[in-house]
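# Analysis of the macromolecular model
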Amino acid sequence: MFLKQKPTTKEEVKTRKPIITIQDFLRTYAKYKDLNLESGITFPKKSGTKAKKVTPMVQIAKPEEAQSISEIFKQVYQSTYPYKELESEKEIRKMIEDPDYNWILFKINGNEIIGCIGIEFDDSVKSMTLHGFAIKKEYQGMTSLPKLLLAGWVALLNKYEKRALVWFGEARSAHSKSQFIGAYLGLKPIAFFPKKDIFFNREESEFLLILYDEDTLTKYRRKETPKIIPRVLRCYSYALKRYQLGFPELKNHVNLDFSYKKIKAIKQNLIYQEENDNLGNSLITISINNSDAYISFLHNPLIRIFEKTDYKVSNKEQLFVFVEEVRELIKKLKIRYFEFFASAYHPIHQAILYDAGLRAFGYVPCFKYVKEEGVFEDQIVFIYYEGKVNGNLKMIPETENFLKTIKPSWNF
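Here is a short report on the structure shown in this document. Just so we're clear, the structure is a prediction, and the values are computed from it rather than from any experiment. (Residues numbered from 1 in each chain as written. Predicted model: local features only at pLDDT ≥ 70, side-chain atom pairs only at ≥ 80, totals over all residues. Heavy atoms only, no water.)

### Remarks on the overall build of the chain
Worth spelling out the cut-off: Here a helix means four or more residues in a row that DSSP labels H or I, a strand means two or more in a row labelled E, and each is numbered from the N terminus. Note on method: radius of gyration uses C-alpha positions; expected globular size equals 2.2 Å times residues raised to 0.38. Using a 1.4 Å probe on the protein chains alone, a residue whose accessible area is under 20% of its type maximum counts as buried, one over 50% counts as exposed, and one in between counts as partly exposed. A contact between two residues is defined here by any heavy atoms of the two lying within 4.5 Å.
A count of helices and strands for the chain gives eleven helices and 17 strands. The C-alpha radius of gyration computed for the chain amounts to 22 Å, which stays within 12% of the reference 22 Å derived for 412 residues, consistent with globular compactness. With respect to the three principal axes, the spread of C-alpha positions in the chain is 80 × 45 × 40 Å. Buried positions account for 54% of the 412 residues belonging to the chain. Long-range pairs, those at least 24 residues apart, make up 66% of the contacts in the chain with a sequence separation of at least 6.

Structural data, given as C-alpha cells:
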C-alpha cells in the first residue's frame, strides 16, 4: 500500500498543535485511515529515480523473521540490551505468534529488514506498550523511516481504537532520537526513571511517554479526588496542566504511627515466593498467610533492578512491612533501582514510600485499570536509585520542560 507525504522536520514537530488524545491524532492524520500494515506500507518511487535507490516499507512481522529481529538488537546494542528476550529468536517468535503482539518491521527493497519496534496489546488492562525500537546503524537517520512509522502507528491506532485506551513506552536519555519519535507519535512525557537501564555497560535514565484515548481521562477515570502528600505536588502540577485534571486534596499531615503488635504478627506470617523464567529474571511475591495482601515485582538481575511493582494492602502496617522486606532484598541482591507505582488516593502509602527513601518522579493519570469496576486509577511513580544521575541528559524541549516542572532533587 502506498502513501504520499512531505518530509517532516523537527521544527514542524515543535510548532504543531499539541496532540492530547488518540482521537486528536487520528483526526490530524485522517488521510492514513485505510492503510494496512499486513500488506505493507511504502512510498511510491518518484519518476526519474535511479533503480538502485532503496525503497523503504513498514510491515507486520512474520514468525520466520524472528531471527532477523534478534540480530538487529544484538548488532545495535552490541549484545548489551538489558532485556534479553529481545535478543532471543525463540522469545521473539513467541511474541510474533501472539495475536496481541505487533512487531512492526522496517524493510528496504521488499525483504531486507533494517529495523523494528514491538507494540503489545493487553486487553486485561486496556493498554498498549511499546518495546524495543531499533534501527541498524547504517540506516539510522533515513528521513523516510519516521514517516513510515507514523503510517504504521496510525494503522494500529485505528485497529485498536476504543480497545487500547492507554498507549505508553519508554524513551532513552542518552540521545534525543527516541524522544523525538515519541513526540512525533503523540506520546507525551509523564514520568522519569533515573538510572533505570544499562546500555553499553553504562547506566542510563528513561522517560515514560504516554498517549490516551479521549474517554480515558473523562469517562473511565475514577471520580474520587486524588489525595497526595506535598512532595508529590510538583509532579501533579505537570499532569494537571497537561490534562486538566482538577485540583487534588493536599494532605500535609499523615499519621505514620504504627501498631508494632500488628507489625510483629505480619512479620511472623510472611510468605516469600519466587518464580523464575528461562532468561534469568524472576517474579518475586511477598504475601501474608490468611490474607489477600501482597507485593510483587520483577527482578532483572542483569541490570540489578526491581520494576513492575504491584501491591494490595488493607492497612498501613502491611505496606510498611512489605517495603521493609523489599529494602532488605535491595541490600542482599545489591539492587540499584526500585520502581513503585503507588495509589494516588492513599497519602499514607505515599508517605511510607517517601519515608523509606523513595522519591516521586511522575504523576500518571489513569495508569492502573481496575477491571472489576471498569475504571482507571491515577498512580504516582516512586523510585529508589543508587548514586547520582548523570547530568548530561539529551532532551528535546518537551522532555526538558517536563523535568524542569517536576524539579527533581538534583540539578540537570
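### A few points about the pairing of strand S7 (residues 188-199)
Going by this rule: Between any two strands, at least two bridges found by DSSP are needed for them to pair.
Among the twelve residues in S7, twelve count as buried, and that is most of the element. Where S7 and strand S8 (residues 202-212) come together, eight bridges link them in antiparallel fashion. Looking at S8, one finds that aspartate 197 is bridged to glutamate 204. Here S7 folds back onto S8 in antiparallel fashion, the turn holding two residues, of which phenylalanine 200 has a positive phi close to 55°.

### Let's talk about helix H3 (residues 66-76)
Which entries qualify depends on this criterion: Note: the arc covers the axis-to-C-beta directions of the helix.
Taken residue by residue, H3 has Ala66, Ile69, Ser70, Ile72, Phe73 and Val76 as its buried positions. All buried residues of H3 fall inside an arc of 150° around its axis, so they share one side. Considering only its buried residues, H3 is in contact with helix H4 (89-97), strand S3 (101-108), strand S4 (112-122) and strand S5 (127-135). With its phi angle positive at about 50°, glutamine 78 sits one or two positions after the end of H3.

### Section: helix H11 (residues 397-406)
Of the positions making up H11, those classed as buried are Thr399, Phe402, Leu403 and Ile406. End-on, the buried residues of H11 take up no more than an arc of 95°, which puts them together on one face. Of the surrounding secondary structure, the elements contacted by the buried residues of H11 are helix H6 (177-184), S7, S8, helix H7 (233-243) and strand S16 (359-370). Positive phi shows up at lysine 407, right after H11, with a value of about 50°.

### Here's the deal with the packing of aromatic side chains
Convention followed: Each Phe, Tyr or Trp ring, with Trp reduced to its six-membered ring, pairs with another whose centre is within 6.5 Å; inter-plane angles below 30 degrees give stacked pairs, above 60 give edge-to-face pairs, and intermediate values give tilted ones. Comment: the charge-over-ring label is applied if NZ (Lys) or CZ (Arg) is within 6 Å of the ring centre and within 35 degrees of the ring normal.
With the rule as written, the count across this model stands at 32 aromatic pairs. Centroid distance tyrosine 29 to tyrosine 32: 6.0 Å. Interplanar angle 5°. Geometry classified as stacked. Its relative accessible area of 8% is what places tyrosine 29 among the buried residues. Assessed through its relative accessible area of 2%, tyrosine 32 is described here as buried. Geometrically, the ring pair formed by phenylalanine 297 and phenylalanine 338 is edge-to-face, given 6.2 Å between the ring centres and 65° between the ring planes. A residue pair is termed long-range when its members are at least 10 positions apart, and phenylalanine 297 in strand S13 (residues 294-300) and phenylalanine 338 in strand S15 (residues 337-343) qualify at 41 residues. Looking at phenylalanine 338, the relative accessible area reads 2%, which means it is buried. The structure contains a cluster of three or more aromatic residues connected by ring pairs, namely Phe73, Tyr77, Tyr81, Tyr83, Tyr101, Trp103, Phe199 and Phe200. Lying over the aromatic face of phenylalanine 258, lysine 316 brings its terminal NZ or CZ to 5.9 Å of the ring centre. The positively charged end of arginine 359 is found above the aromatic ring belonging to tyrosine 354, 3.7 Å away from the centroid.

### Re the side chain of serine 287
Among the secondary structure elements, serine 287 is positioned in strand S12 (residues 282-288). Sequence-distant contacts of serine 287, defined by excluding residues within four places in its chain, comprise Asn269, Leu270, Ile271, Ala293, Tyr294 and Phe322.

### Topic: the packing of H3 against H4
Keep this limit in mind: Lines fitted to C-alpha atoms define the axes, with helix axes restricted to the stretch in contact, and inter-axis angles between N-to-C directions lie between 0 and 180 degrees. Just so you know how the angles are binned, under 35 degrees is roughly parallel, over 145 roughly antiparallel, 65 to 115 roughly perpendicular, and the rest oblique. Take the far helix as the reference: if the near one is turned anticlockwise from it by less than a right angle, the crossing is left-handed, and if turned clockwise, right-handed. Following the grouping adopted for this structure description, the nonpolar residues are Ala, Val, Leu, Ile, Met, Phe, Trp, Tyr, Cys and Pro, the charged ones are Asp, Glu, Lys and Arg, and the polar ones are all others, Gly among them.
At a minimum axis separation of 8 Å, H3 and H4 run at an interaxial angle of 125°. Here H3 is positioned oblique relative to H4, judged by the angle of their axes. Crossing angle aside, the handedness with which H3 passes H4 is right-handed. Contact with H3, carried on its side by Ala66, Gln67, Ile69 and Ser70, involves Glu89, Ile92, Arg93 and Ile96 of H4 and no other residues of that element. Partitioning the contact of H3 with H4 into residue classes produces four nonpolar, two polar and two charged.

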